[in-house]
Amino acid sequence: MSRFVRQVILPGFGNEAQQKLKKSKVLIIGAGGLGCPALLYLAAAGIGTIGIIDGDTIAESNLNRQVMYGEAEVGINKAQAAAHHLKSKYHDVNIQCIPEFLTTSNAVSYIQTYDLVIDGSDNFPTRYLVNDICVLLGKPLVFAAIYQNEGQLALFNTKKGDIHYRDLFPEPPKDSEIPNCNETGVLGVLPGIMGIMQAAEAIKFLTGYGEVLTGKILYYNLLNHQTYTLALEKHPASEQMLPNNLTEFESRDYALFCDAKEVISWKEALGLIEKNSKSILIDVRELNERPELQGHAHMKIPFSGPHDIIPEMKEAEGIYLFCQSGIRSLRMARELSQTLSGKKIYSIIGGIESPDAPLN
Amino acid sequence: MEMVTHRIKIRAFGMIAEKLGADCLDLDSIPTTEVLRGYLYQQFPELEKMKFGIAINKKLVSGNQPIPNEAEVALLPPFSGG
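Residues numbered from 1 in each chain as written. Chains lettered and ligands numbered in written order. Predicted model: local features only at pLDDT ≥ 70, side-chain atom pairs only at ≥ 80, totals over all residues. Heavy atoms only, no water.

I keep staring at the side chain of B:His6 and nothing clicks. Help me out?
All names here are of chain B. For His 6, the position within the fold is in the segment before strand 1 (7-12). From its side chain, His 6 meets the backbone oxygen of Ile 67 in a polar contact 2.8 Å long. Apart from the residues within four sequence positions on either side, His 6 is in contact with Leu 27, Asp 28, Ser 29, Ile 30, Pro 31, Ile 67, Pro 68 and Asn 69. (Helix = DSSP H or I, 4+ residues; strand = E, 2+ residues; numbered from the N terminus. Polar contact = N/O pair within 3.5 Å; in protein donor to acceptor, adjacent residues only side chain to side chain. Contact = heavy atoms within 4.5 Å.)

If you want it as structure tokens, here you go:
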């Protein structure tokens, strides 16, 4: 008896649909809150080849929703941990592990061999990058995103000229329009539900079983289980917002946090601070956020308060900012760079949750 | 006195609902999406800095569009989390 018998006997599914899954290649971008549940169910369903791309490492605060990982895996790369887990469960799924962040320079080579892409990323730059490359390469894209207790789900780009993310939101929001990571809490079940919905859309699309959300977007609210499905249409500006070709795509700046020029690693930052006494290290988290940084003198300027230029900043030759994960500090670094031109202002990659953070 | 005859129902999602302080809102005499944006920006100035799409009767619209009487108008912000 095969491990797929219970889905093969479903009326309308059958061996034919199972064979389609077996032949399919699906790439999951981000093995986080959305990616973990999507991966678990896609592998269980018998997708033949599953690619997992993620350059991030597992942090303790991920564990409420990234249910493939446990306490023992904190600090390990997510793509590697997910690949290891799935390989140990099933012999018949070809798992491709890509322990890197998706960038404009690696996206084409990583995406072009797959039949369908699942966006499980957690930031706008990656979402626009993924959308654009899927349109350019003609790859169907299962999109999901969450905000607090709400989720969005859609299937974009199933054929030439199809609706895609830029028909909904032609341009990415500006930095100042995005809530910072400190403000957005989440119950683990929400990305769980949305990630499983992404797996369901992928399975249905690949096998032609049921109806898929093409040309539509579904909003789901965890608090009352209300759904709201909208019909989408082409936005007059969406096509001109896309890169015209792959060369233009590769040279476009999607302002990926990992590519930002203002970022620096803990090791490099602490080395420079030690060498130059005119350096200041600033914690931009709220005063109640933990863990505390130990053993390194630092100031505290919470992100939510005034971002005034203080005398210490004027005197400093190097300013090094950190927060919980590196998002707020990057935003503040960019802001300070505009007013304090000529100074070296850095945001420390990964923040206090980085495995390289100097915690005792 | 003339009765108000044009009513619409607003449904807001995500951060927009937070800024409105409610996920539903009934409004009178808002004939177009442009008038609606103007009204919202005036009442809730923070919305002016935020991106959101507008759907009329569960259909996404772009540009300035008339809003029929009794329409349900959804305000749709992008989400990025995952």
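Looking at this structure, I do not really get the packing of helix 3 (residues 35-45) of chain A against helix 4 (residues 78-89) of chain A. What am I missing?
A pair of packed helices is characterised by two quantities: the angle between their axes and the separation of those axes. Residues and elements named next belong to chain A. Closest axis-to-axis distance for the helix 3/helix 4 pair is 11 Å, and the angle between their directions is 25°. As summarised for this structure, helix 3 and helix 4 are arranged roughly parallel, according to the angle between their axes. Here helix 3 runs over helix 4; the crossing is right-handed. Between helix 3, through Leu 39, Leu 40 and Ala 43, and helix 4, the contact on the second element is made entirely by Ala 82, His 85, Leu 86 and Lys 89. (Axes fitted to C-alpha atoms, helices over the stretch in contact; angles between N-to-C directions. Parallel < 35°, antiparallel > 145°, perpendicular 65-115°, else oblique. Left-handed = near helix turned anticlockwise from the far one by under 90°.)

Quick question: what am I supposed to make of the packing of aromatic side chains here?
Two measures describe an aromatic ring pair: the distance that separates the ring centres and the angle between the ring planes. In total, this model carries 13 aromatic pairs over all chains according to the counting rule given. Considering the side-chain rings of A:Phe13 and A:Tyr209, the 5.3 Å spacing of their centres and the 85° angle between planes classify their relative orientation as edge-to-face. Within this pair, whereas A:Phe13 is found in the loop between helix 1 (5-8) and helix 2 (14-23), its partner A:Tyr209 is found in the loop between helix 8 (189-207) and strand 7 (216-221), the two being separated by 196 residues in sequence. Using a relative accessible area of 8% as the deciding quantity, one classes A:Phe13 as buried. Seen from their ring centres, A:Phe143 and A:Phe156 are 5.6 Å apart, and the 50° between their planes marks the pair as tilted. With A:Phe143 in strand 5 (residues 141-147) and A:Phe156 in strand 6 (residues 150-156), this residue pair connects regions lying 13 residues apart in the sequence. One residue, B:Arg37, lies across the ring of B:Phe52, its end atom 4.4 Å from the ring centre. Over the ring of A:Tyr228 we find B:Lys58, and its NZ or CZ is 4.8 Å from the ring centre. (Phe/Tyr/Trp six-rings, centres within 6.5 Å; stacked < 30°, edge-to-face > 60°. Buried < 20%, exposed > 50% of the residue type's maximum accessible area, 1.4 Å probe, protein only. Lys NZ or Arg CZ within 6 Å of the ring centre and 35° of its normal.)

Can you help me understand the pairing of strand 6 of chain A in this one?
Regular strands place side chains that alternate from one sheet face to the opposite one. All names here are of chain A. Counting buried residues in strand 6 gives seven out of seven residues, a clear majority hidden from the surface. Burial of the side chains of strand 6 extends over both faces: Glu 150, Gln 152, Ala 154 and Phe 156 are buried on one face and Gly 151, Leu 153 and Leu 155 on the other. Pairing between strand 5 and strand 6: seven bridges, direction antiparallel. Its bridge partner being in strand 6, Ala 145 is matched across the sheet by Gln 152. Connecting strand 5 to the antiparallel partner strand 6 that follows it, the hairpin turn spans two residues, and Gln 148 within it adopts a positive phi of roughly 50°. Examined bridge by bridge, strand 6 and strand 7 share four bridges and lie antiparallel to one another. Note on strand 7: the bridge partner recorded for Glu 150 is Asn 221. (Pairing = 2+ DSSP bridges.)

I would appreciate a short explanation of the pattern of salt bridges in the present structure.
When the charged atoms of two side chains with opposite charge come close together, those side chains can pair. Scanning all chains against the criterion turns up 15 salt bridges over all chains. For A:Glu239, the salt bridge is made with A:Lys234, and the minimal N-O distance between the two is 2.6 Å. Using a relative accessible area of 32% as the deciding quantity, one classes A:Lys234 as partly exposed. Between B:Glu46 and B:Lys19 there is a salt bridge, with its nearest N and O atoms 3.5 Å apart. With B:Glu46 in the loop between helix 2 (33-43) and strand 3 (53-56) and B:Lys19 in helix 1 (residues 14-20), this pair connects stretches of sequence that are 27 residues apart. For B:Lys19, a relative accessible area of 28% gives the class partly exposed. By sharing partners, the salt bridges in this structure join A:Asp283, A:Arg285, A:Arg290, A:Glu292 and A:Lys300 into a single network. (Salt bridge = Lys/Arg side-chain N within 4 Å of Asp/Glu carboxyl O.)

Before we go on, may I ask you to explain the interface of chain A and chain B in this structure?
The parts lose accessible area when they come together, and the size of an interface is often stated as this lost area. Across the contact, 36 residues belong to chain A and 24 residues belong to chain B. In total, about 2600 Å² of surface goes out of reach between chain A and chain B, with carbon and sulfur atoms giving 58% of it. The tally of links from chain A across to chain B stands at zero salt bridges. Mapped onto the side of chain A that touches chain B, the elements with two or more residues apiece are helix 6 (124-137), strand 5, strand 6, helix 7 (165-168) and strand 8 (226-231) of chain A. A per-element tally of the side of chain A that touches chain B places strand 8 of chain A first, with five residues. Residues belonging to the side of chain A that touches chain B are distributed by class as follows: 18 nonpolar, nine polar and nine charged. (Buried area = accessible area lost by both parts, 1.4 Å probe. Nonpolar A, V, L, I, M, F, W, Y, C, P; charged D, E, K, R; others polar.)

What is the right way to read the environment of B:Ile16 from this model?
All names here are of chain B. Tracing the backbone through its elements, the reader meets Ile 16 in helix 1. The exposure class of Ile 16 is buried, given its relative accessible area of 0%. Sequence-distant contacts of Ile 16, defined by excluding residues within four places in its chain, comprise Leu 47, Met 50, Phe 52, Leu 75 and Pro 77.

Help me understand the side chain of A:Asp119, please; the structure alone is not making it clear to me.
Residue and element names in this part refer to chain A. By the secondary structure assignment, Asp 119 is in strand 4 (residues 116-119). Among the polar contacts listed, one links the side chain of Asp 119 to the side chain of Ser 121, at a separation of 2.7 Å. Contacts of Asp 119, omitting those with residues within four sequence positions, involve Ile 29, Leu 34, Arg 127, Val 130, Leu 141, Val 142, Phe 143, Ala 144 and Gln 198.

Please explain the pairing of strand 12 (residues 318-322) of chain A as it appears in this structure.
Residues and elements named next belong to chain A. Counting buried residues in strand 12 gives five out of five residues, a clear majority hidden from the surface. Neither face of strand 12 is left uncovered, since the one carrying Gly 318, Tyr 320 and Phe 322 and the one carrying Ile 319 and Leu 321 both have all their residues buried. Here strand 10 (residues 279-283) pairs with strand 12 via five bridges, running parallel. Note on strand 12: the bridge partner recorded for Asp 283 is Phe 322. Of the pairings in the sheet, the one linking strand 12 to strand 13 (residues 344-348) comprises four bridges and is parallel in character. The partner of Leu 321 across the bridge, within strand 13, is Ser 347.

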